[in-house]
Amino acid sequence: MQLSQLEKFNEIVIQIHDNPDADAVGSGFSMYKYFKSLGKNVRLVYSGRNAIKKSNMLILISELDIPLEFVSELNNPELLLTVDCQYGQGNVTHFDAQNIAMIDHHNTGKLSDDMAEIRSNYASASTICYAMLQAAGYDINEDISMATALYYGLYMDSDHFSEIGHPLERDMIDFLKYDKGLILKLKHANFNMDELATAGEAITGTKYVEEYRLTIVEAAPCDPNILGVIGDFIIQVDTVDISITYNKCSGGYKISVRSCTPEITANELADYITKEVGSGGGHLDKAGGFINLDSFQKLYPSDTLESYLMKKMNEYYNGYDVIRYNDKEKHLEKLQKYRKKPGIFGYIKTTDLFSAGTECKIRTLDGDVMVRSGEDIYIMLGKSGEVYPIQREIFEGKYTPIDKPFTEEYEYRPTVINAVEGKPYEILPYARQCLSNTTSAILAKPLERYTKVFTKWNYDGYMVGDKGDMLCYTFGNEEDVYLTECSIFDDLYEKDEK
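Overview of the structure. (Residues numbered from 1 in each chain as written. Predicted model: local features only at pLDDT ≥ 70, side-chain atom pairs only at ≥ 80, totals over all residues. Heavy atoms only, no water.)

1. A closer look at helix H7 (residues 193-204)
Here H7 spans 17 Å end to end across twelve residues, near enough to the 16 Å set by a 1.5 Å rise per residue. Those residues of H7 that sit buried are Glu195, Thr198, Ala199 and Ala202. Down the axis, H7 shows its buried residues gathered within 95° of arc, on one side only. Seen from the open side of H7, the exposed residues pointing more than 90 degrees away from its buried face are Met193, Asp194, Glu201 and Thr204. (Helix = DSSP H or I, 4+ residues; strand = E, 2+ residues; numbered from the N terminus. Expected span 1.5 Å × (residues − 1). Buried < 20%, exposed > 50% of the residue type's maximum accessible area, 1.4 Å probe, protein only. Arc of directions from axis to C-beta.)

2. Thoughts on the packing of aromatic side chains
Inspection of the entire model under this criterion finds 27 aromatic pairs. Residues Tyr272 and Tyr316 carry aromatic rings whose centres are separated by 5.0 Å and whose planes lie at 70° to one another, so their mutual orientation is edge-to-face. Of this pair, Tyr272 sits in helix H9 (residues 266-274) while Tyr316 sits in helix H11 (residues 305-317), placing them 44 residues apart in sequence. With respect to class, Tyr272 is no different from Tyr316; both count as buried. Seen in terms of ring centroids, Tyr316 and Tyr317 are 5.7 Å apart; in terms of plane orientation they differ by 85°. Their pairing is edge-to-face. The lysine or arginine in question, Lys337, covers the ring of Phe475, its NZ or CZ lying 4.3 Å from the ring centre. Against the face of Tyr320 rests Lys452, its NZ or CZ located 4.1 Å from the ring centre. (Phe/Tyr/Trp six-rings, centres within 6.5 Å; stacked < 30°, edge-to-face > 60°. Lys NZ or Arg CZ within 6 Å of the ring centre and 35° of its normal.)

3. Side note on the nonpolar core
Among the nonpolar cores identified, the biggest contains 60 residues, and Ile14, Met31, Phe35, Ile66, Leu68, Leu81 and Leu176 are the most heavily contacted of them. When residues of this core are assigned to their parent elements, the largest contribution, nine residues, is made by helix H4 (residues 144-157). The contact partners of Leu68, leaving out residues within four places of it in the chain, are Ile16, Val25, Leu44, Val45, Tyr46, Ile52 and Ile61. One finds Leu214, Tyr253, Leu309 and Tyr320 within the second-largest nonpolar core, a separate group that totals 33 residues. (Core = buried A, V, L, I, M, F, W, Y, C linked by side-chain atoms within 4.5 Å. Contact = heavy atoms within 4.5 Å.)

4. Here's the deal with the side chain of Arg119
Structurally, the position occupied by Arg119 is in the loop between strand S6 (116-118) and helix H3 (125-135). Relative accessible area serves as the criterion here: at 19%, Arg119 is assigned to the buried category. Within the local environment of Arg119, its side chain forms a polar contact with the side chain of Tyr122, the two groups lying 3.0 Å apart. Every residue in contact with Arg119, bar those within four places of it in the chain, is listed here: Asp104, His105, Ile128, Ala131, Met132 and Glu411. (Polar contact = N/O pair within 3.5 Å; in protein donor to acceptor, adjacent residues only side chain to side chain.)

5. A closer look at the pairing of strand S22 (residues 423-426)
Sheet analysis places strand S21 (residues 415-418) next to S22, joined by four bridges and oriented antiparallel. From the neighbouring strand, Val416 faces S22, where its bridge partner is Tyr425. Between S21 and the antiparallel strand that follows it, S22, lie four residues; Gly422 among them carries a positive phi value of about 70°. (Pairing = 2+ DSSP bridges.)

Following this line, the structure appears as structure tokens:
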């Protein structure tokens, strides 16, 4: 769904979920401001049992002059747009309307369509609204109140940015021009004495699994950020490497993950725990996720969430292999030779962007990768939006440059950031085409179980592959090891029958 599809409606009511949080208010406010700028008759409302009482929310609404109404009825509006929630779900009061549209980031099984924009790979609804406003050509930074509301919405719904995973969210953090004084004020008004007591009670009930140096903590229903506070406190214990904190919330469970060991990143573990029953992600040391109650009860009808988490952690600790690019003992048995199918890809020389020796940050779908620009470092653009650095020697063995611009369209337009200036550069305007060589060979085999691969490029994290994904080595360069998803491997490679 695009915002332009909703511009045919003149009477628009934007409804956020009951007991609104910062993300609901920020994302809803941005939609209010957008449609107001088009001259629409627009209202921003919420309902439920109680009006907002939390101090940070009252400050946000007052300081940004957000026209949020607490209502008990609506008069069948022409368009009801639910934001940070989905029409018919239990956390949003039902109102009749002539037309329904939705913007949300929660995974409830609903897919995007002409009247819904559902992106569960984002940490916040504010991110979705940011992306939709950008696509509509709206200059968010011309409106500091909107930029501030969106920034704070992402900040709070991602547990102080610890759960972001998408590069667009990293762009939001870097480039939104927000009211820094107000954000500082809000950061120091996030919870009250009752919530402090909730955190204390949860900590006293900590379950410790010595074998895994793991804690599992259940908290009473509370602001999701309290989970992060609990996790940040517990991970400082000298015998704890992993902390998982959770509580029940509307529609399921919110989880928060903390890690202080390099072989288990928090974002990967959050994704593992929530796979098939929700969504998760974040940073190497801090991450989180959401488990949908319907999905959980359908797949694990006899489990409590604690028993489910223990089951998943036992499965996890006993079920993965680790491969490092510089391992002395390689995993080279059973490898088969494959050749790359002909295909058009994109590439950029780093020296086309920056002078040689410039520290730059490549913003990829899997995180930021630091490189130093030089004649021997290129940047590749794949068919699915993947962006990654490649050595010139390897590039020349795998691809043939074509003197034509690379014009592929991606969901996220990739950027490279000059680390000294902090300035972003879109790289698609500089991208040229290259043809994959059919003489370029790799050695590959399917993974037999969950595997973590530490590549030569990603010094802090690792790639993760599930059973059936392909472990790949560049032929003749066994240090160049990586993973390719089984769903796209056959599109890229074919067996070398020679």
